[in-house]
Amino acid sequence: MESETRVLNILPETFSKRIAICADDFGMAAGIDEGILALARLGRLSAVSCLTPGSALRQHSAALAQLPVDIGLHLNFTESLGADQFHLPLARLIAACYARRLPPLLVASSIRTQFDAFEANFGCPPAFIDGHQHVHQLPVIRELLLESIGQRYPGQVIWLRSTQTVRNSSVARADALKARLIARLGARAMRRLTTAAGWPMNRHLLGVYRFSASCEEYRNLLQAWLADADNGDLLMCHPALSSPVGDPIGRQRTREFAVLSDDRFPTWIDANGLTVSRLLSV
């Protein structure tokens, strides 16, 4: 996988650069699932990340499984989602992880339960694993996650999400700062551990912003991310066809959907010399 990426990077600039586009939070609510399914059918996505405790997952998992996208586990430790699952508000979770005060047995049990639920819905292991609010890269969680993957899926190729940012971002300073702060919470350590274990990762993560943008502003952000994108990068998004009740970023989800479903989207991809590809191809 690494050798393929190196070969692609020495090809001429006219060569199409392959990136993955992943929609997060599938299973959280019907409006989110419907938006993601619609975008996947349009070919705008190559990966979908699922919240297994989500109330809508069972209803829509069969429809998702029929589409040409990689399906992954969106590891959750910050949302209750109506399930009896250990979770904490993000700030408290980060503090507990860095203080090494998170109960390892409870964390391991939650990871195992989420793997069980994924397999129950899709009948196979996840193609990749990332984290809701990037929790997969935090201390304690990341070590137990990698240990669990090694024990449960030996010999299988499973991607993990890197939050590493591009060096010279074209987005606004505040959005670029948020991306760097997320990366500093664990990107370097996560890549070191994942590489040592032999699992692939995306090169850079695009799509981080303050979840405060009009359709026009999000369109400009998308254009900047596409301009920054290179071989092996991943662009995350959080679209929805309708805004879930009580979701703090619900309105932003519908704006993302409006931009990502725009008829001009293929032109934007082509203009930046990109191809939206499955993870095994990036």
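Residue numbers here run from 1 along each chain, matching the order of that chain's written sequence. A pLDDT threshold of at least 70 governs which residues receive local features in this predicted model, and a stricter bar of 80 or more applies before side-chain atom pairs are shown or counted, although totals over entire chains, interfaces and linings include all residues. Water and hydrogen atoms were dropped before computing side-chain values, which therefore reflect all heavy atoms in the structure.

(A) Representation of the side chain of Asn76. Counting through the fold element by element, Asn76 comes out in the loop between β3 (70–75) and α4 (90–98). Only protein chains enter the accessibility calculation, which uses a 1.4 Å probe; a residue whose area is less than 20% of its type maximum is buried, one above 50% is exposed, and one in between is partly exposed. When its relative accessible area of 0% is taken as the criterion, Asn76 is described as buried. N or O atoms within 3.5 Å of each other form a polar contact, as long as, within protein, one can give a hydrogen and the other can take it, and as long as residues adjacent in sequence are counted only when both atoms are side-chain atoms. A polar contact of 2.8 Å, which involves the side chain of Asn76, links it to the backbone oxygen of Glu79. Any pair of residues with heavy atoms lying within 4.5 Å of one another is described as a contacting pair. Once residues within four sequence positions are removed from consideration, Asn76 is found in contact with Leu51, Pro53, Leu81, Gln85, Ser110, Gln114 and His132. Helix numbers and strand numbers start at the N terminus; a helix is a DSSP run of H or I with at least 4 residues, a strand a run of E with at least 2.

(B) Spatial organisation of the pattern of salt bridges. We define a salt bridge as a side-chain nitrogen of Lys or Arg found within 4 Å of a carboxyl oxygen belonging to Asp or Glu. This structure, assessed with the given rule, holds 11 salt bridges. Between Asp70 and Arg278 there is a salt bridge, and its shortest N-O distance comes to 3.0 Å. Of this pair, Asp70 sits in strand β3 while Arg278 sits in the segment after β8 (274–276), placing them 208 residues apart in sequence. Among the residues examined, Asp70 registers a relative accessible area of 10% and is labelled buried. Judged by its relative accessible area of 34%, Arg278 is partly exposed. Residue Arg161 pairs with Asp130 through a salt bridge whose shortest N-O separation is 2.8 Å. You can see Arg161 sitting in the loop between β5 (159–160) and α7 (173–184) and its partner Asp130 sitting in strand β4 (residues 128–131), a full 31 residues away along the chain. The two residues Arg161 and Asp130 agree in class, both being buried. Among the ionic contacts, a cluster of salt bridges with common partners joins Asp24, Asp130 and Arg161.

(C) Just the state of the cysteines, in detail. Note on terminology: disulfide denotes any pair of cysteine sulfur atoms within 2.5 Å. The full count for this structure, using the stated rule, is zero disulfides. As a non-bridged cysteine, Cys124 has Cys50 as the owner of its nearest cysteine sulfur, 10 Å distant.

By themselves, these observations are geometric and do not establish any function.
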